[in-house]
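# Residue-level structure breakdown
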Amino acid sequence: MEYQRLGKSGLQVSRLSFGSWLTFGKQVGDTTAEDLMKTAYDGGVNFFDNAEAYAGGKSEEVMGEVLKKMGWQRDSYIVSSKVFFGADGGSGSLMPTQKGLNRKHVVEACDQALKRLQMDYLDLYFCHRPDKNTPIEETVWTMHNLIQQGKILYWGTSEWSAQEIMEAHRIAERYNLIGPTMEQPQYNMLVREKVEVEYDQIYKTVGLGTTIWSPLASGVLTGKYNDGFPEDTRLGIEGMEWLKDRTLAEQNLSRVRKVSEFARELEVSMPLLAIAWCLKNDNVSTVILGASKTSQLEENLKAFDILDKLTDESMTKIDEILENKPVFPPF
Ligand code: NDP
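Report on the accompanying structure. The model shown is predicted, which means the values in this text are computed figures rather than measured ones. (Residues numbered from 1 in each chain as written. Predicted model: local features only at pLDDT ≥ 70, side-chain atom pairs only at ≥ 80, totals over all residues. Heavy atoms only, no water.)

### Brief notes about the nonpolar core
Put simply, the test is: Residues belong to a common nonpolar core when they are buried Ala, Val, Leu, Ile, Met, Phe, Trp, Tyr or Cys residues joined through side-chain atoms within 4.5 Å. Residue burial is assigned from relative accessible area. The probe radius is 1.4 Å, only protein chains are included, and a residue is buried under 20% of its type maximum, exposed over 50%, and partly exposed in between. Labels follow the DSSP assignment, with helices taken as runs of H or I lasting at least four residues and strands as runs of E lasting at least two, numbered in each case from the N terminus.
Among the nonpolar cores identified, the biggest contains 93 residues, and Phe18, Tyr125 and Leu273 are the most heavily contacted of them. When residues in this core are grouped by element, the largest group, 9 residues, is from helix 10 (residues 270-279).

Pasting the structure below:
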């Protein structure tokens, strides 16, 4: 495993990490969750990603139980939570104060996450989305105070625009507060704009770190949907029709089919090619893996082994196949 600083912070994060969206407390049982965590930790993963919204809080409970049972030293791993969506599991039963990035919810959600995870502090705390109904200033002050209280160590954003991230930094600088360290954007062969173009300046200026999500586009980039719809997969879960429609668009499938042919030429598996491709981007601090089966995670953790196949020539070839390399504005 390789470790890298999370942006300009001194925190060393494993370049492959592990998250529990749609799996813990939902798609997989507690024994599988335990196997997955153990496989990740034994493979050198030191960052476990979670959120208040995952399985309505159940995902944090499951992860907390596993961490307690494993008894790994608390200073050997990093755990996150995220705040914004609330913890109702999508039932629509939330009161207005139970979501968003206002001081009340951010503070209460932090306490609730700590309780579910059975921990004294979160290493990383993310604003899961921007909140148009709360001044960014209120959120920056709240995150700073949580750090001062020792409840969180670093805070960051997820799917914020570069402008919103910079607004948070402007406020932090004005009042001498601790600004956001990292952003959690989607990044994979099919979704590239934010990571490759929009944030380009702020990697250098504020030293933004990134913990990227869905490196396999929810499994589509494994190639397993290339010739039909396999059973027992995420996109077949009841209630996930929105995700299925979005990720299985014909344009995506056609790209994945073509890249799969190139993977065969390189003699590498499609999941490994897609994950290693994310690792090739130096602005990616860590690639958060997801898995519903231990065998998947065991395979995905081998992504480093095929990095040498991704020469400049192969990367150019992949760009040509994908035909979606974002363009910088001309100057
Ligand atoms: P991926 O895009 O890698 O999708 C993971 C899923 O793909 C697995 O659960 C599994 O689903 C399938 N899969 C994985 N490996 C293989 C393999 N080798 N062969 C076949 N199928 C495979 O990542 P996620 O979408 O899970 O995202 C990773 C993490 O990022 C999340 O757990 C979460 O922590 C974070 N995240 C953050 C978001 C945010 O808004 N900040 C949004 C989404 C995720 P199956 O077997 O069911 O098909």
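### Some remarks on the site of the ligand
As a reminder, the rule being used: Near, as used in this document, describes a residue that has one of its heavy atoms within 4 Å of the molecule or strand being considered. Between N or O atoms, a polar contact is any pair within 3.5 Å; within protein, one atom must be a potential hydrogen donor and the other a potential acceptor, and residues adjacent in sequence are included only when both atoms are from side chains. Computed by Shrake-Rupley with a 1.4 Å probe, the accessible areas treat only the displayed protein chains as cover when residues are assessed. Under the convention adopted here, Pro, Cys and the residues Ala, Val, Leu, Ile, Met, Phe, Trp and Tyr are nonpolar, Asp, Glu, Lys and Arg are charged, and Gly plus all remaining residues are polar.
Not every one of the 31 residues close to the ligand is listed here, only the nearest: Gln27, Asp49, Ser214, Lys224 and Ser292. At 3.0 Å from an oxygen atom of the ligand is found a main-chain nitrogen or oxygen belonging to Trp21. Contacts to the ligand include Asp49, whose side-chain N or O atom sits 2.6 Å from an oxygen atom. Look at the ligand: alone it shows 910 Å² of surface, and the protein chains cover 96% of it. When residues of the shell around the ligand are traced back to their parent elements, those giving at least two are strand 10 (286-289) and helix 11 (294-300). Among the elements that make up the shell around the ligand, the one with the highest residue count is helix 11 (3 residues). Among the residues making up the shell around the ligand, the classes are represented as 10 nonpolar, 15 polar and 6 charged.

### Structural notes on helix 3 (residues 103-117)
Inclusion rule: Under the convention used throughout, the expected extent of a helix is 1.5 Å for every residue step, that is, one less than its residue count. What the arc measures is the spread of directions leading from the helix axis to the C-beta atoms. Contacts: residue pairs with any heavy atoms within 4.5 Å of one another.
Helix length check: helix 3 (15 residues) gives 21 Å between terminal C-alpha atoms against 21 Å at 1.5 Å per residue, within 8%. Looking only at helix 3, the buried set comprises His105, Val106, Ala109, Cys110, Ala113, Leu114, Arg116 and Leu117. Taken down its axis, helix 3 places every buried residue within 165 degrees of arc, on the same side. Elements that come into contact with the buried residues of helix 3 comprise helix 2 (58-70), strand 5 (78-83), strand 6 (122-127), helix 4 (136-148) and strand 7 (152-157).

### Here's the deal with the side chain of Thr23
Note on placement: Thr23 falls in the loop between strand 3 (16-19) and helix 1 (30-42). Classification of Thr23 as buried rests on a relative accessible area of 2%. Setting aside chain neighbours within four positions, we find Thr23 in contact with Val28, Ala291 and Ser292.

### Let's talk about the packing of aromatic side chains
To keep it simple, the criterion reads: Under the pairing criterion, centres of Phe, Tyr and Trp rings, with the six-membered ring standing for Trp, must be within 6.5 Å; the plane angle then separates stacked pairs below 30 degrees from edge-to-face pairs above 60, leaving the rest tilted.
Across all of its chains, the model carries 10 aromatic pairs by this definition. Judged by centre distance (5.9 Å) and plane angle (55 degrees), the rings of Phe18 and Phe24 are tilted. Considered together, Phe18 and Phe24 belong to a single accessibility category, that of buried residues. Where Trp141 meets Tyr175, the ring centres are 5.5 Å apart and the plane angle is 45 degrees; that geometry is what we call tilted. Of this pair, Trp141 sits in helix 4 while Tyr175 sits in helix 5 (residues 162-175), and the two are 34 residues apart along the sequence. Residue classification places Tyr175 among the partly exposed residues on the basis of a relative accessible area of 31%. Members of the aromatic cluster, joined through ring pairs, are Tyr41, Phe48, Trp72 and Tyr77.

### With respect to the pattern of salt bridges
Put simply, the rule reads: Salt bridge, as applied in this entry: a Lys or Arg side-chain nitrogen positioned within 4 Å of an Asp or Glu carboxyl oxygen.
All told, the structure shown has 16 salt bridges when counted by the stated rule. Across the pair Lys69 and Glu34 runs a salt bridge whose closest N-O atoms are separated by 2.9 Å. Placement of Lys69 in helix 2 and of Glu34 in helix 1 is noted, with a sequence separation of 35 residues between them. Linking Arg116 and Glu60 is a salt bridge whose minimum nitrogen-to-oxygen distance equals 2.7 Å. Of this pair, Arg116 sits in helix 3 while Glu60 sits in helix 2; the two residues are 56 residues apart in sequence, bridging distant segments of the chain.

### With respect to the pairing of strand 6
To keep it simple, the criterion reads: Any two strands with at least two DSSP bridges between them are considered paired. Orient the strands so they point away from the viewer, and a crossover whose first-strand-to-second-strand path over the helix runs clockwise is right-handed.
The element strand 6 is extensively covered by neighbouring structure, given that 6 of its 6 residues are classed as buried. Taken together, the 4 bridges between strand 5 and strand 6 define a ladder with parallel strand orientation. The residue of strand 6 that forms the bridge with Val83 is Cys127. Taken together, strand 5, helix 3 and strand 6 form a β-α-β motif whose crossover is right-handed. Here strand 6 pairs with strand 7 via 5 bridges, running parallel. Directly across from Phe126, in strand 7, lies its bridge partner Gly156. The parallel pair strand 6 and strand 7, bridged by helix 4, forms a crossover whose chirality is right-handed.

Remember, this is a structural readout, not a statement about activity or role.
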